[in-house]
Amino acid sequence: MPEGDTVLRTARRLDAALAGRVLRSTDLRWPTLAAADLSGQVVREVVARGKHLLARTDAGATLHSHLRMDGSWHVQRTPPPGGAGAGRTPRLRGGSAEGVRAVLVTDDWTAVGHRLGMLDLVATAEEDGLVGHLGPDLLADDWDTGDGCTDGGGTDGGGTDGAGAAVAALVADGDREVGAALLDQRLVAGIGTFWMSETLFLRGVSPWAAVRDVPDLAGLLARTRRMMRAAADAREPVQTTTGDTRPGRNRYVHARSGLPCLRCGTTVRVAPLGSGPTARSAFSCPVCQPGPRPTDDGRPQAPLGHDRRGGAPARRRGTSPRA
C-alpha cells in the first residue's frame, strides 16, 4: 500500500497540474458518484492527509480518494479539441483504459485515477467525516509548529502540534506493540509497513516491543519524518533508508526476509504483527533488534518470491508486505 511519502508526491503532482484551473469535464466511475459532475468548478488545491488525497474546488466541494493497495493517479496532457484522442477515455501507459475510476480534465492537463480504493465527493466543510478519525499527519507542514499551515500540494495536518499530539497518543497506548501502534492511522497518519520496519531497525527496536519500553518516541517519529520527507522530495520515487537506491539495496529489512541483514549478516525474519483483519507483516533482524518476537515460529524462511528450495519465484497470496 502506498505510504504517506508516496501520497504526498501524488498530491504535489496533482496540485501542480490542476490547481487554479477550470475543470472542463469530469468522469467519476464510482457507483455512488456516477451522476456527479464537477465541470466548471476551479480546483483550489490538492493536499494529502496521511494516506488520503483531498482535491478541493472553489464551489466548496472535496473529491476524496484513497489508493489502498493498487491505486494510483496519473497526469497527462489534454488532447487539443478535435485532435487525436479528444473526447476518448484516457489510456494509461500500455494503452489500457481498464481500471480507470476518475477522470478530471482541464484545458492543459488530465488527471486519471486508476484502481482507486476509495472515492467520495463531499462538501469541504464535511471532510472530517472522512478523515477526522486520523491522528496527526507525520508529513504535515505544521507537524512541530502548530501554525495550522495548509499549502496546496502539501499536507494538511489539521492545525495542531502534531508531534506532541502523536507522542501523547502513543504513550496513552503504552501496552501495545510499537509496530502496530505506528501503523495505527488514528494515532499518527502516514506510516506503513516499509517505514515502520525500517525505522525500528535503525533504532534497534523490535516491532513487538511494548510502546512503554521504547525510549525517545519523539526522536523515533522525528527520524521517520525526516526519511519520509526526503523520499517525498527526492527526484526519483525510490524509498531508501540505506542511501543506496539500487533494487534490493535500498532497505535494511523490509521485504528482505530470508536474506542476510545488511548490517550484521544475520538472516532477516518476517512474522505477523497484530491479529485479524488489521494484521500486517513485520520484518526485522533478531540481532540488531533484540526483544520479543511472539509470532515468529523460528522456522527457516526463504526469501520473498522464492519457494522453500530457493528456486523459481513462487506465487504468493495473503497480506502484502506494503500494507
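The structure displayed is predicted, hence computed values, not measured ones.

**So, helix α6 (residues 217-233)**
- The terminal C-alpha atoms of α6 lie 24 Å apart, and with 17 residues this matches the ideal 24 Å at 1.5 Å per residue to within 8%.
- Along α6, the residues classified as buried are Leu217, Gly219, Leu220, Leu221, Thr224, Arg225, Met227, Met228, Ala231 and Ala232.
- Where α6 is buried, its residues meet α1 (4-18), α3 (162-172), α4 (178-183) and α5 (193-203).

**Some details on the confidence of the model for the protein chain**
- When pLDDT is averaged along the protein chain, the result is 88; 85% of the residues meet or exceed 70.
- Considering only residues more than four positions removed or in separate chains, one finds that residues 147-151, a stretch of pLDDT under 50, has 14 contacts.

**Some details on empty space enclosed by the protein**
- All chains considered together, the criterion is met by two cavities of 30 Å³ or more.
- In this structure, the largest cavity occupies an estimated 60 Å³ of space.
- Looking at the largest cavity, the residues that line it are Leu14, Leu18, Val46, Leu53, Ala55, Leu63, His64, Ser65, Trp73 and Leu104.
- Breaking the lining of the largest cavity down by element, the ones donating at least two residues are α1, β3 (52-57) and β4 (61-66).
- Counting residues per element, the lining of the largest cavity draws most heavily on β4, at three residues.
- Split by residue class, the lining of the largest cavity holds eight nonpolar, two polar and no charged.
- The computed volume of the second largest cavity comes to approximately 50 Å³.
- Around the second largest cavity, the lining residues are Leu18, Leu23, Leu38, Val43, Ala55, Arg56, Thr57, Leu63 and Leu104.
- Across the lining of the second largest cavity, the residue classes break down as seven nonpolar, one polar and one charged.

**Some thoughts on the side chain of Asn250**
- With respect to the helices and strands, the residue Asn250 is situated in the loop between α6 and β9 (269-273).
- On the basis of relative accessibility, which here comes to 6%, the residue Asn250 falls in the buried class.
- A polar contact is formed between the side chain of Asn250 and the side chain of Arg251, at a distance of 3.3 Å.
- Discounting residues that sit within four places of it in the chain, Asn250 has contacts with Val238, Gln239, Thr240, Thr241, Thr242, Asp244 and Thr245.

**Remarks on unusual backbone geometry**
- A positive phi angle, near 50 degrees, is found at Arg115, a position not held by glycine.
- Looking at where Arg115 falls in the secondary structure, it is placed in the loop between β7 (109-114) and β8 (118-123).
- Residues other than glycine seldom take positive phi values, yet Ala255 does so here, at roughly 60 degrees.
- With a relative accessible area of 25%, Ala255 lands in the partly exposed category.

**Focus: the packing of α5 against α6**
- α6 packs onto α5 with a crossing angle of 125 degrees between their chain directions and a minimal axis gap of 10 Å. Comparing their axes, α6 and α5 come out oblique. The handedness of the crossing between α5 and α6 comes out as right-handed. Between α5 and α6, the residues in contact are Trp195, Thr199, Leu200, Leu202 and Arg203 and Gly219, Leu220, Arg223, Thr224, Met227, Met228 and Ala231, respectively.
- Partitioned by chemical class, the residues of the contact of α5 with α6 number seven nonpolar, three polar and two charged.

**As for the side chain of Gln239**
- Relative to the helices and strands, Gln239 resides in the loop between α6 and β9.
- Of the residues examined, Gln239 reaches a relative accessible area of 10% and is grouped as buried.

**Some points on the pattern of salt bridges**
- Within this structure, the stated rule accounts for 16 salt bridges.
- The salt bridge partner of Glu45 is Arg44, with a shortest N-O separation of 4.0 Å.
- A salt bridge links Arg299 to Asp297; the shortest N-O distance between them is 3.6 Å. Across this residue pair, the class does not change: Arg299 and Asp297 are exposed.
- Members of the salt-bridge network, linked through shared partners, are Arg44, Glu45, Arg56 and Glu127.

Rules behind the numbers
Residues numbered from 1 in each chain as written. Predicted model: local features only at pLDDT ≥ 70, side-chain atom pairs only at ≥ 80, totals over all residues. Heavy atoms only, no water. Helix = DSSP H or I, 4+ residues; strand = E, 2+ residues; numbered from the N terminus. Expected span 1.5 Å × (residues − 1). Buried < 20%, exposed > 50% of the residue type's maximum accessible area, 1.4 Å probe, protein only. Contact = heavy atoms within 4.5 Å. pLDDT = per-residue confidence, 0-100. 1 Å grid on protein atoms, 1.4 Å probe; cavity = no way out; pocket = protein on both sides within 12 Å on 5 of 7 lines; lining within 4 Å. Points joined across faces, edges and corners; volume = space filled by probe spheres on them. Nonpolar A, V, L, I, M, F, W, Y, C, P; charged D, E, K, R; others polar. Polar contact = N/O pair within 3.5 Å; in protein donor to acceptor, adjacent residues only side chain to side chain. Axes fitted to C-alpha atoms, helices over the stretch in contact; angles between N-to-C directions. Parallel < 35°, antiparallel > 145°, perpendicular 65-115°, else oblique. Left-handed = near helix turned anticlockwise from the far one by under 90°. Salt bridge = Lys/Arg side-chain N within 4 Å of Asp/Glu carboxyl O.

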